[in-house]
Structure formats: structure tokens, C-alpha cells
Amino acid sequence: QVQLVESGGGLVQAGGSLRLSCAASGIIFSSKTMGWYRQAPGNERELVARIGSGGSTNYADSVKGRFTISRDNAKNTMYLQMNSLKPEDTAVYYCAAGNIFTIYTKRPQYWGQGTQVTVSS
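Residues numbered from 1 in each chain as written. Predicted model: local features only at pLDDT ≥ 70, side-chain atom pairs only at ≥ 80, totals over all residues. Heavy atoms only, no water.

Let's shift gears to the state of the cysteines. Enumeration according to the criterion identifies one disulfide in this entry. Each sulfur in the disulfide pair Cys22 and Cys95 lies 2.2 Å from the other. Between Cys22 and Cys95, the S-S dihedral sits near 50°, and the bridge is therefore right-handed. Taken together, the positions of Cys22 in strand S3 (residues 18-25) and Cys95 in strand S9 (residues 91-98) put the pair 73 residues apart, joining distant regions of the chain. (Disulfide = S-S within 2.5 Å. Helix = DSSP H or I, 4+ residues; strand = E, 2+ residues; numbered from the N terminus.)

Here is the structure:
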């Protein structure tokens, strides 16, 4: 059974930092492209960052320079370090696993359940 379990969300003041984690099981984690998405109320789900199986990364323009995606294949875990948080970063953050095509087209093979991030002004 595949599981992607996010943790690390919460309430933080603008300018603060959070680190999200996504623990994976039931998949060959090292072979997957992984992604972080977010969805705010009334908005479409958007791809925030993705990391390939080889470690290459891409970011949405809105988070470049503030967020860092990383992975630890030995721990089957992906991370999202979020710095200089803004109120507009408030959303439910989801991790996902797939390949480069399915991640970019928002149709990954597997989704986590999501974790809430709230940034107060």
C-alpha cells in the first residue's frame, strides 16, 4: 500500500519559516519524481516545486529564492524548506509522486493527504 504522509505545517507569522516533510512508503522512492503542490481556497492546485530522481529541481516563480525542495532517498523522505513566508503562501500543501510528465501535468500517481500552512500578516 502506497502512503505519502506530510507533516510540518502550521501557523507562522509573515517572514517566518517552516519545513514540510513527506514520508513515502510502498514505492521505489529513489526512482520517482516528487513534487509539492498547494491549493488555497477558491484557487486551483498549483505546482510549487519538483525534484527529479537525480536531484534536479524546479520552482514556481512565486517561491523562487524562498523555498528549497530536497530529498533523502535513504529515508524515503522529501522536504520543503519555506523561508520568508508571506500571507499569500497560505494553503494546503500536498506532496505527490510520479514521473516528470505526471508531476508537471498535475496528474501524479500518488497524493498525500495535505498539510495546512497558514501565514499571518
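Back to the write-up after that little detour.
A few words now on the nonpolar core. By size, the foremost hydrophobic cluster in this structure holds 28 residues, and its most contacted members are Met78, Leu80, Met82 and Tyr93. Elements represented by at least two residues in this core include exactly S3, strand S4 (33-39), strand S5 (46-51), strand S7 (67-72), strand S8 (77-82), S9 and strand S11 (115-120). Beyond its immediate sequence surroundings of up to four residues, Met78 is in contact with Leu20, Ser21, Cys22, Phe29, Met34, Gly35, Trp36, Ile51, Ile69, Ser70, Arg71 and Cys95. (Core = buried A, V, L, I, M, F, W, Y, C linked by side-chain atoms within 4.5 Å. Buried < 20%, exposed > 50% of the residue type's maximum accessible area, 1.4 Å probe, protein only. Contact = heavy atoms within 4.5 Å.)

Let us now look at the packing of aromatic side chains. Within the structure shown, the criterion is met by two aromatic pairs. With a centroid separation of 6.2 Å and an interplanar angle of 80°, the aromatic rings of Tyr94 and Trp111 are classed as edge-to-face. Of the two residues, Tyr94 sits in strand S9 while Trp111 sits in strand S10 (residues 110-111), which places them 17 residues apart along the sequence. An aromatic cluster is built from Tyr37, Tyr94 and Trp111, whose rings are joined through pairwise contacts. Sitting above the plane of the Tyr79 ring, Arg19 keeps its charged end 4.0 Å from the centroid. Across the ring face of Trp111, the terminal group of Arg45 is positioned such that the distance to the ring centre comes to 4.5 Å. (Phe/Tyr/Trp six-rings, centres within 6.5 Å; stacked < 30°, edge-to-face > 60°. Lys NZ or Arg CZ within 6 Å of the ring centre and 35° of its normal.)

Relative to the helices and strands, Arg38 resides in strand S4. Here Ser62 takes part through its side chain, which lies 3.4 Å from a polar atom of the side chain of Arg38. For Arg38, the side chain forms a polar contact with the side chain of Tyr93, separated by 2.9 Å. The contact partners of Arg38, leaving out residues within four places of it in the chain, are Glu44, Arg45, Glu46, Val48, Ser62, Val63, Phe67, Glu88, Asp89, Ala91, Val92 and Tyr93. (Polar contact = N/O pair within 3.5 Å; in protein donor to acceptor, adjacent residues only side chain to side chain.)

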